[in-house]
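# Structural overview
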Amino acid sequence: MIDLLATRYAYVLFALLVGTGLYMVVSSPNLVKKVIGLNLFQTGLFLFFIASAYVEGGSTAVIHGEGGGPYVSPLPQVLVLTAIVVGVALTAVALALIVRIYSEYGTLREDVLREVRADE
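Overview of the structure. As the structure is a prediction and not an experimental result, all values here were calculated from the model.

## As for the packing of helix α3 (residues 31-52) against helix α4 (residues 75-105)
Pairs of packed helices are described in terms of their axes, by the angle between the two and the distance that separates them. Following both chains from N to C, one finds α3 and α4 inclined at 180°, their axes separated by 10 Å at the closest point. Between α3 and α4, the angle is such that the two are roughly antiparallel. Mapping the contact onto sequence places Leu31, Val32, Val35, Leu38, Asn39, Gln42, Phe46, Phe49 and Ile50 in α3 and Pro76, Gln77, Val80, Ala83, Ile84, Gly87, Leu90, Thr91, Ala94, Leu95, Ile98 and Ile101 in α4. When its residues are assigned to classes, the contact of α3 with α4 shows 16 nonpolar, 5 polar and no charged.

Shown next, in the form of structure tokens:
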């Protein structure tokens, strides 16, 4: 069991990142902590895509000269790069909204915001 975990450490790290991120999103009443948890969750998913695309002894699809063997697909890396750009944009918009919420209501706690919105 330990040998399996030692060779598949990326999947263990994936589970830790996704679990921690999901816990932060669900349990934290602070909006900034929710955004940080969302970023941890995204990072775990990125790691999963890259780790699952790994091919032992694989080479690039563009070959100079003769050669053969297992090839590594560039598609997961392209998808992760696109997802990183989308994740950064999502984080920027979320933080801008959080700044606006704080300037309007003076708090970032979700339960206090619900009470304030119910009183309006």
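Back to the text.
## Quick look at the side chain of Ser28
Tracing the backbone shows Ser28 in the loop between α2 (9-27) and α3. The class of Ser28 is buried, set by a relative accessible area of 10%. Among the polar contacts made by the side chain of Ser28, one reaches the main-chain amide nitrogen of Asn30 at a distance of 3.3 Å. Here Ser28 is in contact with Tyr23, Lys33, Lys34 and Glu110, once residues within four sequence places are set aside.

## Quick look at the nonpolar core
One finds Leu31, Val35, Ala94, Ile98, Leu108 and Leu113 forming the largest nonpolar core, which totals 6 residues. The set of elements that each furnish at least two residues to this core consists of α3 and α4. With sequence-adjacent residues up to four places away left out, Ile98 is seen in contact with Leu31, Val32, Val35 and Leu108.

## Describing the packing of aromatic side chains
According to the stated counting rule, one finds 3 aromatic pairs in the structure shown. Relative to Phe49, the ring of Phe48 lies with its centre 6.2 Å away and its plane at 50°, an arrangement referred to as tilted. Counting every residue linked through ring pairs, the aromatic cluster contains Tyr11, Phe14, Phe48 and Phe49.

## Thoughts on the environment of Arg8
Along the chain, Arg8 turns up in the loop between α1 (2-7) and α2. Sequence separation of Arg8 and Ala51 is 43 residues, and the distance between their C-alpha atoms is 8.9 Å.

## Considerations on the side chain of Lys34
With respect to the helices and strands, Lys34 occurs in helix α3. There is a polar contact of 3.1 Å between the side chain of Lys34 and the backbone oxygen of Ser28.

## Concerning α3
The terminal C-alpha atoms of α3 lie 32 Å apart, and with 22 residues this matches the ideal 32 Å at 1.5 Å per residue to within 8%. Where α3 is concerned, the buried positions are Leu31, Lys34, Val35, Gly37, Gln42, Gly44, Phe46 and Ala51. N-capping of α3 is provided by Asn30, with a side-chain oxygen placed 3.0 Å from the backbone N of Val32.

## Topic: the pattern of salt bridges
The final tally for this structure, using the stated rule, is 4 salt bridges. For Glu110, the salt bridge goes to Lys34, with nearest N and O atoms at 3.3 Å. Pair noted here: Glu110 is in helix α5 (residues 110-119) and Lys34 is in helix α3, with a separation of 76 residues, a long-range link. Arg109 is paired through a salt bridge with Asp111; the nearest N and O atoms lie 3.3 Å apart.

Thresholds, definitions, all that
- Residues numbered from 1 in each chain as written.
- Predicted model: local features only at pLDDT ≥ 70, side-chain atom pairs only at ≥ 80, totals over all residues.
- Heavy atoms only, no water.
- Axes fitted to C-alpha atoms, helices over the stretch in contact; angles between N-to-C directions.
- Helix = DSSP H or I, 4+ residues; strand = E, 2+ residues; numbered from the N terminus.
- Parallel < 35°, antiparallel > 145°, perpendicular 65-115°, else oblique.
- Contact = heavy atoms within 4.5 Å.
- Nonpolar A, V, L, I, M, F, W, Y, C, P; charged D, E, K, R; others polar.
- Buried < 20%, exposed > 50% of the residue type's maximum accessible area, 1.4 Å probe, protein only.
- Polar contact = N/O pair within 3.5 Å; in protein donor to acceptor, adjacent residues only side chain to side chain.
- Core = buried A, V, L, I, M, F, W, Y, C linked by side-chain atoms within 4.5 Å.
- Phe/Tyr/Trp six-rings, centres within 6.5 Å; stacked < 30°, edge-to-face > 60°.
- Expected span 1.5 Å × (residues − 1).
- Salt bridge = Lys/Arg side-chain N within 4 Å of Asp/Glu carboxyl O.

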